[in-house]
Amino acid sequence: MLSKMRESAGSWIIKILLGIIILAFVFMYAGGGFDGGRITKAASVNGEPISIREYQQTYKSIIDRLRQQFGDRLDNDMLEMFNVKRQAINQVIEAELLRQTAEKYNLQVTPAELAETITSIPAFQRNGSFNQRQYKMVLNQNRLSPEAFEALQGESMLIQKLRAVVASGIQVSPAEAQEWYNWKNSEIKIDYAVFEPKAFSDISINEDALKTYYDKHKEAYKTQPKIKARYVKFSIEDYLPKIEIPEENIQAYYDNNQKKYQQPATVHARHILLKLAEDARPEEVSKKRQKALEIMEQAKAGEDFAELAEQYSEGPSKEKGGDLGTFEKGDMVKPFSDKAFSMASGDISEPVRTRFGWHIIKIEEKTEESVKPLAEVKDKIRKTLARGEAKNLAYDEAISLYNTSFSGDDLIKNTRDRDDISVQTTDFFTKTQGPASISKAKAFAEEAFKLPLMDVSDIKELEDGFYLIQVIEKQEAQIPEFEAVREKVTRDWKRQEQKNAAKSAAAKFLETVKSFNSIKEAGKNAAIEINTTDFFNRNQPIPDIGRDQAVIDAAFSLSDAEPFPEAPIDGRKGFYVIGFAEKQLPEPETFKKEKDNITKQLIRQKQSRYMDDWIAQLKEKSDIEITEQLID
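My aim in this report is to walk through the structure given alongside it, one point at a time. Everything numeric in this text was worked out from a predicted model, so none of it was measured.

Let's talk about the pairing of strand β18 (residues 575-584)
For step 1, the next point in the chain: As judged from the nine bridges shared by strand β5 (residues 187-195) and β18, these two strands associate in the antiparallel manner. Looking across to β18, one finds that I188 is bridged to K583.
For step 2, the next point in the chain: Pairing analysis gives two bridges linking strand β17 (residues 569-570) to β18, with the strands arranged antiparallel. In the sheet register, D570 faces β18, and the bridge partner there is F575.

Below you can see the structure in the form of structure tokens.
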């Protein structure tokens, strides 16, 4: 059946269907030997099965989330690093555990609660109100029936209820909040000396030491696996000269894509701003407004608006005569924008209040919303349509060759009598670099390294066209002889020796510091430069040092009683010897203003930790079986 589909795979739809079938095989027949090769459940919790479908949906949602975060960078290596399979199985097991516990404690979600939650979801609303047609359309786009979605939503709400009940008793005392605030916002000043490895350049080369270093670190010099590949490229650019786009197609595309060519209304305006705090007293608001009215009258009486702005405005555009340039409606705060777009060219407004203060607005020019004429965008449309047609032609040609090329010398035989395409052969290349002859070398290499030897790939789309790829030779990773990597070994050994020398010098100086009980006195004695930072907190880069977490952590472990660290700090620039200089706590008044938000934040953190511990205990007490084929 699959071979039949391959023979007829002449469209993008078939290609997508093949991908779906392959994905289904991965899940349904992973590992084999289970119910005749078919996996029927992902796991069971206390005898209750978790369906493979539920696991698939969770797996897909994690993949979608990662794809949104990493885009095209997401590959198999990253999926393994994030251990997505294990994440998915853990999530479905925890959800089932919580559902069972909610049932045990008789927690329920009423129809009214469910309806209220669903109708308040913005995706299901139009003009701020729930819309039944919108609801069904969104669900249909996500391949969900209302019944299925409502069951999922109800279960999610039930779990949230359980979480709220379990974590409801978590509290944070004022003392805890104060302690956390002080910890996070206290600032420290340190004295320091830095011993940079590069300063220790007088390192003599020792042949025996080099060879000993090489023997100990051989694996670090192991070469990457390499492959050599044949390929046939179907370049989209090569097919462009064959394309003619009829005028009616351009017109149809233009008519069907009017939104692409819409130009929003714009306004070119000046303004005079009299600054005013949002929480200003009423008498201050009135006083500033009166002054704005007086300036407005001067402007309306014919005085030059730009000169008035330079004289009275308190905004950053003052030096430009209040000129704000040309802007769209969403570019400005709403009260300002609403007023500006309701005015005509030449108008001067009454004072307008925003969070910045009172504005007097003058409209220099106003442009209404419009659509770019066809003549202006015709060439761009022609190129877009031509590229689409060329892409289709290139893909059809690739399909034609793909359907007759499986392995061995098929690519060579099937292109021998073709003038328009030919088989190219790369040099050996690694997965990280790819072949020099390919413009999208890394993407090409990633696809090639997935292939068995001599098998012809399916059609691979890279940015510049479609490819059929065949790996014809492989070179396994090898440990090179010492002489082949002597230069790199020498460089690495010398770097290590410089680091050891810097560490040793720093350790020796720290002992001197402790004997003097003063880093500055020790510095004078040893003629070593001592610097003093400004104050910094745990979340800030250290002045003149930068964001070096090792140094930051060590600095905040110091105090008057323990002014020096036990050992030099291995920092980004070198080894640091540091000394406590001064510490200051944040202002109590600042804490009072932020106390409520801090308390809420700490409660959420405590609740999250408590829930993690509680779920871990639930797991220990439960009978959980996992279908290992899914996570191997």
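Here the narrative resumes, following the displayed structure.
As for the nonpolar core
For step 1, the next point in the chain: The biggest cluster of nonpolar side chains holds 32 residues, and the ones touching the most others in it are Y55, L66, V84, I89, I93 and W614.
For step 2, the next point in the chain: For this core, the secondary-structure elements that each account for two or more residues are β1 (41-45), α3 (52-70), α4 (76-82), α5 (84-104), α8 (146-166) and α22 (588-621).
For step 3, the next point in the chain: Of all the elements, α5 adds the most residues to this core, at eight residues.
For step 4, the next point in the chain: Counting 28 residues, the second largest nonpolar core, distinct from the first, contains Y239, Y261, L411 and L468.

Re the packing of helix α13 (residues 282-300) against helix α14 (residues 305-312)
For step 1, the next point in the chain: Where α13 contacts α14, the two axes come as close as 10 Å, and the packing angle between them is 155°. One way to sum up the angle between α13 and α14 is to call them roughly antiparallel. The element α13 and its partner α14 pack so that their crossing is right-handed. Contacts between α13 and α14 involve K291, I295, Q298 and A299 from the former and F305, L308 and Y312 from the latter.
For step 2, the next point in the chain: Looking at the contact of α13 with α14 residue by residue, the classes come out as five nonpolar, one polar and one charged.

As for the side chain of T354
For step 1, the next point in the chain: Within the secondary structure layout, T354 lies in strand β10 (residues 352-354).
For step 2, the next point in the chain: Given a relative accessible area of 5%, T354 falls into the buried group.
For step 3, the next point in the chain: Separated by 2.7 Å, the side chains of T354 and H359 make a polar contact.
For step 4, the next point in the chain: For T354, the residues in contact, after removing those within four places along its chain, are V333, P335, F336 and H359.

Considering helix α19 (residues 486-516)
It helps to recall that an α-helix has 3.6 residues per turn; residues three or four apart then point in one direction.
For step 1, the next point in the chain: Taking 1.5 Å of rise per residue, 31 residues should cover 45 Å, and α19 covers 45 Å from first to last C-alpha, within 8% of that figure.
For step 2, the next point in the chain: Turning to α19, its buried residues are V489, D492, W493, Q498, A502, A506, F509, L510 and V513.
For step 3, the next point in the chain: Of the surrounding elements, those touching the buried residues of α19 are β5, α10 (207-216), α20 (519-526) and β18.
For step 4, the next point in the chain: In the segment just after α19, N517 is the residue with positive phi, at about 55°.

Cut-offs used in this document
- Every residue gets a number counted from 1 within its own chain, in the order that chain's sequence is written.
- Confidence filtering applies because this is a predicted model: local features only for residues at pLDDT of at least 70, side-chain atom pairs given and counted only at 80 or more, and all residues used for totals across whole chains, interfaces and linings.
- Heavy atoms throughout the structure, all of them, feed into the side-chain values; hydrogens and water do not.
- In this scheme, strands are said to pair when DSSP sees at least two bridges between them.
- Secondary structure is summarised from DSSP: a helix means a run of H or I of at least four residues, a strand means a run of E of at least two, and numbering begins at the N terminus for each.
- Residues enter a nonpolar core if they are buried and are Ala, Val, Leu, Ile, Met, Phe, Trp, Tyr or Cys, with the set joined through side-chain atoms within 4.5 Å.
- Partly exposed describes any residue whose relative accessible area lies between the buried limit of under 20% and the exposed limit of over 50%, with all areas from a 1.4 Å probe on protein chains only and scaled to the type maximum.
- The axes are straight lines fitted to the C-alpha atoms, using for helices just the contacting stretch, and the angles between their N-to-C directions are given from 0 to 180°.
- With respect to orientation, any angle under 35 degrees is reported as roughly parallel, any angle over 145 as roughly antiparallel, any angle of 65 to 115 as roughly perpendicular, and every other angle as oblique.
- By convention the crossing between two helices is left-handed if the near helix lies anticlockwise of the far one by an angle smaller than a right angle, and right-handed if it lies clockwise.
- The contact criterion used throughout is that any non-hydrogen atoms of two residues lie within 4.5 Å.
- Polarity classes work like this: nonpolar for Ala, Val, Leu, Ile, Met, Phe, Trp, Tyr, Cys and Pro, charged for Asp, Glu, Lys and Arg, and polar for all others, with Gly in that last group.
- Contacts described as polar in this section are N or O atom pairs within 3.5 Å, which, within protein, must combine one atom able to donate a hydrogen with one able to accept it, while residues neighboring in sequence count only if both atoms come from side chains.
- Expected helix span is given by 1.5 Å per residue-to-residue step, counting one fewer step than there are residues.

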